[in-house]
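A look at the structure
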Amino acid sequence: MTDRYAVIGNPIAHSKSPLIHAEFAKQTNQDMTYEAILAPLEGFRETVEGLRMAGYKGLNVTVPFKFEAFLYATSKSERAETAKAVNTLSFAGGAVFGDNTDGIGLVADIEKNLDFPIAGKSILLVGMGGAAWGVLSPLLQQKPKRLTLSNRTVAKAEDAARVLASLGKYDPTEIAAKPFDRLAGQQFDIVINATSSGLKDEMPPLPPGLFSENSLAYDMMYGRQTPFMAFAGKEGASRISDGLGMLVEQAAEAFFLWRGIRPQTAPVIEKQRT
Ligand code: ATR
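Not measured: the values here are computed from a predicted model. (Residues numbered from 1 in each chain as written. Predicted model: local features only at pLDDT ≥ 70, side-chain atom pairs only at ≥ 80, totals over all residues. Heavy atoms only, no water.)

**A word on the nonpolar core**
Among the nonpolar cores identified, the biggest contains 29 residues, and Leu 106, Leu 125, Leu 149, Ile 192 and Met 220 are the most heavily contacted of them. Once you skip the residues sitting within four places of it in the chain, Leu 106 turns out to touch Val 135, Leu 139, Ile 192, Tyr 218, Met 220 and Met 246. Judged by nonpolar contacts, the second largest core, of 20 residues, contains Phe 44, Leu 59, Phe 70 and Tyr 72. (Core = buried A, V, L, I, M, F, W, Y, C linked by side-chain atoms within 4.5 Å. Buried < 20%, exposed > 50% of the residue type's maximum accessible area, 1.4 Å probe, protein only. Contact = heavy atoms within 4.5 Å.)

**Overview of the side chain of Asn 151**
Secondary-structure assignment places Asn 151 in the loop between β8 (146–150) and α7 (154–167). Only 3.2 Å separates the side chain of Asn 151 from the backbone nitrogen of Met 128, close enough to count as a polar contact. Polar side-chain contacts of Asn 151 include one of 3.1 Å to the backbone oxygen of Thr 153. Setting aside anything within four residues of it in sequence, one finds Asn 151 in contact with Gly 127, Met 128, Lys 156, Ala 157, Lys 178 and Phe 180. (Helix = DSSP H or I, 4+ residues; strand = E, 2+ residues; numbered from the N terminus. Polar contact = N/O pair within 3.5 Å; in protein donor to acceptor, adjacent residues only side chain to side chain.)

**Some points on the pattern of salt bridges**
In total, this model carries 14 salt bridges according to the counting rule given. Between Glu 49 and Arg 52 there is a salt bridge, and its shortest N-O distance comes to 3.7 Å. Taken together, the positions of Glu 49 and Arg 52, both in helix α2 (residues 44–53) and 3 residues apart, correspond to about one turn of that helix. What makes Glu 49 partly exposed here is its relative accessible area of 30%. If you follow the salt bridges from partner to partner, you end up with Arg 79, Asp 99, Glu 253 and Arg 262 in one network. (Salt bridge = Lys/Arg side-chain N within 4 Å of Asp/Glu carboxyl O.)

**Focus: the sheet that holds strand β11 (residues 211–219)**
An order of β9-β8-β7-β10-β11-β12 is seen for the 6 strands of this open sheet, with the pairing classed as parallel. The open sheet terminates on both sides in strands that have one partner only, identified here as β9 (174–178) and β12 (239–241). Averaged over all neighbouring strand pairs, the angle between strand axes comes to 15°, with direction disregarded. Bridge count between strand β7 (residues 122–126) and β8: 5 bridges; the pairing is parallel. Looking at the pairing, Ile 123 lines up with Leu 147 of β8. (Pairing = 2+ DSSP bridges. Axes fitted to C-alpha atoms, helices over the stretch in contact; angles between N-to-C directions.)

**Quick word on helix α5 (residues 102–113)**
If you check α5, its first and last C-alpha atoms are 15 Å apart, about what 12 residues at 1.5 Å a residue would give, namely 16 Å. Among the residues of α5, Asp 102, Gly 103, Gly 105, Leu 106, Val 107, Ala 108, Asp 109 and Ile 110 are the ones counted as buried. Residues of α5 that are buried in the fold lie against α3 (66–72), α6 (130–141), β10 (188–193), β11, β12 and α9 (244–259). Remark: Asp 115 follows α5 within two positions and exhibits a positive phi of approximately 55°. (Expected span 1.5 Å × (residues − 1).)

**Regarding the site of the ligand**
In the vicinity of the ligand there are 15 residues, among which Met 128, Asn 151, Thr 153, Lys 156 and Glu 202 approach most closely. One of the backbone nitrogen or oxygen atoms of Met 128 is found 2.9 Å away from an oxygen atom of the ligand. In the environment of the ligand, an oxygen atom lies 2.6 Å from a nitrogen or oxygen atom belonging to the side chain of Lys 156. Isolated, the ligand exposes 650 Å² of accessible area, and the fraction of that covered by the protein chains is 74%. Per-class residue counts for the shell around the ligand are 3 nonpolar, 8 polar and 4 charged. (Near = heavy atom within 4 Å. Areas by Shrake-Rupley, 256 points an atom, 1.4 Å probe, with all protein chains shown as cover. Nonpolar A, V, L, I, M, F, W, Y, C, P; charged D, E, K, R; others polar.)

**Some points on the sheet that holds strand β3 (residues 58–61)**
Backbone hydrogen bonds hold the strands of a sheet together, and the pairing may be parallel or antiparallel. Ordered by their spatial adjacency, 6 strands build an open sheet running β2-β1-β3-β5-β6-β4, and the pairing between neighbours is mixed. Only two strands of the sheet have a single neighbouring strand rather than two, namely β2 (32–38) and β4 (75–76). Where β3 lies against strand β5 (residues 88–92), 3 bridges are found, and the strand directions are antiparallel. Paired with Asn 60 across the two strands is Thr 88, which belongs to β5.

**Some thoughts on the domain arrangement of the protein chain**
If you check the domain split of the protein chain, you get domain 1 (3–101 + 247–263) and domain 2 (103–245). Using C-alpha coordinates to define each centre, domain 1 is positioned 26 Å away from domain 2. Between domain 1 and domain 2, the contact holds 12 residues from the first and 18 residues from the second. With both chains or domains summed, domain 1 and domain 2 bury close to 1,200 Å², and 54% of this area falls on carbon and sulfur atoms. Considering only the side of domain 1, the residues that lose the most area to domain 2 are Thr 82, Leu 247 and Glu 249, jointly responsible for 46% of the buried surface there. Linking domain 1 with domain 2 are 2 salt bridges. In this structure, the salt-bridge partner of Glu 249 is Lys 112, at a minimum N-O distance of 3.2 Å. The tally of links between domain 1 and domain 2 comes to 11 residue pairs in polar contact (both at pLDDT 80 or more). Counting residues per element, the side of domain 1 that touches domain 2 draws most heavily on α9, at 5 residues. (Domains from an automatic or database assignment. Buried area = accessible area lost by both parts, 1.4 Å probe.)

What follows is the structure in structure tokens.
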């Protein structure tokens, strides 16, 4: 019988995930389907229960349900525990396993596709919403020299830095929280925009001079040139990337969790760009 999967969110109509998973399934000869399903804002749990009863094998979960998916899972990966968010659910019997593949997707895109090793680098992560939390633990596992967290509401960055320090397992990476204006005079090798500001054609008020000589500017948004990417160009960042590669890589990791096979991502990223 054909195995069924889906991505669930609200809104969901513009999701690229069905196309990406269809490419993966074709490439690896998997007998499966993958749909996009809209859940009512107050109806995540009921929708997921219905899909499980109908025999679905797993789901991707996107905005705004990643925290509800975290609560729904009966067991979780460590990276999902740190993120307090789940983007991939796997169903087996009565058990629901929750994982978060966003961060590993970002790491794979930066290290593999962009050929930019993270170990020993100085990283600035801008934004402290769900998107930023999702990537903290996989970024730290690559052992950067320093991770600086900055956010418009600086208390959120301070809280996150405290939580990470209290875990005590990411030494010797220096973890710090700073308001935007206190970043002036510092340089970073990797600057990641994890805010949703690009959706409104805005960007955080970052000071000039942030990019080191060999630096990467990464915007987790995709499908448009964001003000942050334009800023990075003017500021002389060596490499500038949107988040399309991260999207495809997080999907590949979910596919691997479900099917035990790693699809090739490069041709799928290429196809999505054209
Ligand atoms: P997501 O799940 O996409 O991360 P979110 O949880 O609503 O969405 O978080 C949005 C993030 O973008 C937050 O870090 C937010 O900053 P605040 O915590 O101060 O609200 C940030 N953000 C959104 N618009 C922004 C803007 N115009 N300038 C700076 N930061 C912005």
